[in-house]
Amino acid sequence: MLTNRSQVVSKKEMTLIEKMYLPAIFSGMWITFTHLFKKSATIRYPEQTREFSGIYRGQHVLKRDEKGAERCTACGLCAVACPAEAITMVSAERKPGEEHLYREEKYAKIYEINMLRCIFCGDCEEACPKEAIFLTDRKVDSFYTRKEFIYGKSILVESKDSPIDLTKRQTPDVKEFKLDKHYAHNQTFDKNKKTKVGGHH
Amino acid sequence: MAKVTIDGHMIEVPDGTTILQAARMLVDKNPEVDAKVAPPTMCYYSKLKTSGGYCRTCVVKVTKGSEKDPRPMPKPVASCRTNVMDGMEVVNITSPEVLEARKGVVEFLLINHPLDCPICDQAGECHLQDLGYEHGLAKTRYDFSRRTFNLIDIGPYIKLHMTRCIMCFRCIKVADQITNNRFQGMLFRGDASEISTYIEKAIDNDFSGNVIDVCPVGALTDRTFRFKSRVWFTKPMDAHRNCTKCSGKVAIWMKGNEVLRVTARKDQWGEAIDWICNDCRFEKKDAKDWVIEKPSHISRHSVISQNHYENLAQLKLDIGKQQKQIAAKK
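The numbering scheme is per chain: residues are counted from 1 as the chain's sequence reads. Think of it this way: whatever chain is written first is A, whatever ligand is written first is 1, and the rest follow in order. Totals for whole chains, interfaces and linings use all residues, but because this is a predicted model, local features are given only for residues with pLDDT of at least 70 and pairs of side-chain atoms are given and counted only at 80 or more.

Caption draft 1: The sheet that holds strand β2 (residues 87-93) of chain A, seen in detail. Residues and elements named next belong to chain A. Paired strands, in this sense, are two strands between which DSSP finds at least two bridges. Numbering of helices and strands runs from the N terminus, with a helix taken as a DSSP run of H or I at least four residues long and a strand as a DSSP run of E at least two residues long. Read from one edge of the open sheet, 3 strands run β2-β3-β5, paired in antiparallel fashion. Pairing within the sheet leaves two strands with one partner each, and these edge strands are β2 and β5 (150-151). Of the strand pairs in this sheet, strand β3 (residues 106-114) and β5 are connected by 2 bridges, and their pairing is antiparallel. Note that in β5 the partner of N114 across the bridge is I150.

And the structure:
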């Protein structure tokens, strides 16, 4: 009764005209006919695509920092925040000489998101203390097998040459809102302070 | 015997008991008393003699000195080093002044502590993390660079992150009291002090691994567990084995059927119940080595309690009962 649209079913006997069903058939066909002149509800995907909402959350990206090193440190907070338990990771220790590859002492050797499990809620992005994972406006591809939906680092980590643009959703307002996080964990983001910020070495 | 009132709860304790011990007794005996009435500790460890008195986390206010001398104590006192008097009245969480003082202490503890929890293996079971969380210190007011050290390997099993150390002295007390051959100590003084060891004379004492358990932060960590998994993805199980050196009663931290880490069992204050030997801790990483008793008790406020079911058998019974009830209704 919430919508006020529920109707009580009546079981009264139908009249002769109603029993013929013809008026009902014609009125139905008339509705179908009028739809020929109405604007189509569908579009010709994939040639045409609809405009994405500004806050659309699609396929994830693992960002690199300014020097091209992976930001993810395999802290596991995205995995623990994930309500669908779609994220798994295995961490490893960075060896001397790999500083250009990984920003922190520890990094994700394996990082997998099961795109079939993912509900694109963005909690992983919210949880990430290292500004590493973001949801982008890219769509997840379709495949024939389930296995292919498990995205590993080869798909998730952005390439050094073509960084993924995040400015659509990570607007200055959003960044301002997230400033606390930058302050604590990511020295490079702290523009307001001239002195070296603690919490990172 | 002395009667002492802590946050309005009265308890009678033997003479010579400290306020902290009395508060813990109070919580142990009365389940209805908020566990936070017992002050948090970073350096005091009930199983280590002469521990405590360094960190000041356990400060409380004495509003009435004793029955004979009811004057309040002029400043907040360290409850781990102050003995109770008959008729003493103490406030801890009911006093905003104490909470403010403790907040200041936590801020001092965090001054040189790096914010590398995403990397640190202790994260999720770290007492300093809990303390910082409790007091809402998400930001630092400290503008200078923090002191940093290179990592030190204390023997093949233990890693020392001096950068994370908060100078609680617990590990030194373990080395003094539990092992028969002290292998590390404090060098230098004041803010320059650091834990150090003769690396060449790397320790091979059977109980040296216990320094990992007593460390309230991630300064001393298990090298065999280093970066293997975050603690909240592993399941702690109480297990035992026949060990000639120690009691053999441990908690094993499992992921699937793999034993990733072995630690001592912890009581509700986060202290080891039995010291365990290095053999049990570092060498027995096969599930076949252990007789698993039951899932360890984890406070439900801990992140480790996620997906950790302590009484799975009972849970299954309850679900079965409910399903039967639903079926009966139909």
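So, next bit.
Caption draft 2: Broad picture of the nonpolar core. Formed by 79 residues in total, the largest nonpolar core has its most connected members in A23(B), C171(B) and V211(B). A total of 6 residues in this core trace back to one element, the largest contributor, which is helix α1 (residues 19-29) of chain B. Here, residue contact means that the backbone-derived C-beta atoms of the two residues sit within 7 Å. Other than its neighbours up to four places away in sequence, A23(B) contacts I6(B), V37(B), A38(B), P39(B), S79(B) and N92(B). Under the definition applied here, buried Ala, Val, Leu, Ile, Met, Phe, Trp, Tyr and Cys residues are grouped into a nonpolar core through C-beta atoms within 7 Å. Any residue surrounded by 20 or more other C-beta atoms within 10 Å of its C-beta is treated as buried, while 12 or fewer makes it exposed and the intermediate range makes it partly exposed; C-beta atoms here are placed from the backbone. The next biggest cluster of nonpolar side chains, apart from the first, holds 23 residues, and it includes V61(A), L62(A), L77(A) and Y102(A).

Caption draft 3: Here's a closer look at the sheet that holds strand β14 (residues 291-295) of chain B. Residue and element names in this part refer to chain B. Spatially, 4 strands are ordered β13-β12-β11-β14 in an open sheet, and the strand pairing comes out antiparallel. The outermost strands of the open sheet, each flanked by one partner alone, are β13 (258-264) and β14. Across this sheet, the average inter-strand angle for adjacent strands is 40°, counted without regard to direction. The pairing of strand β11 (residues 235-240) with strand β12 (residues 249-255) spans 6 bridges and is antiparallel. Here an angle of 0 to 180 degrees is reported between the N-to-C directions of two axes, which are lines fitted to C-alpha atoms, with helices fitted over the stretch in contact.

Caption draft 4: Quick peek at the pairing of strand β5 (residues 88-91) of chain B. All names here are of chain B. Burial of the side chains of β5 extends over both faces: M88 and V90 are buried on one face and E89 and V91 on the other. Bridge count for strand β1 (residues 2-6) against β5 is 3 bridges, and the pairing is parallel. Counterpart to V4 in the pairing with β5 is M88. In this structure, strand β3 (residues 59-64) lies alongside β5, joined through 3 bridges in antiparallel fashion. Directly across from K61, in β5, lies its bridge partner V91.

Bear in mind that shape data such as this cannot, by itself, settle questions of function.
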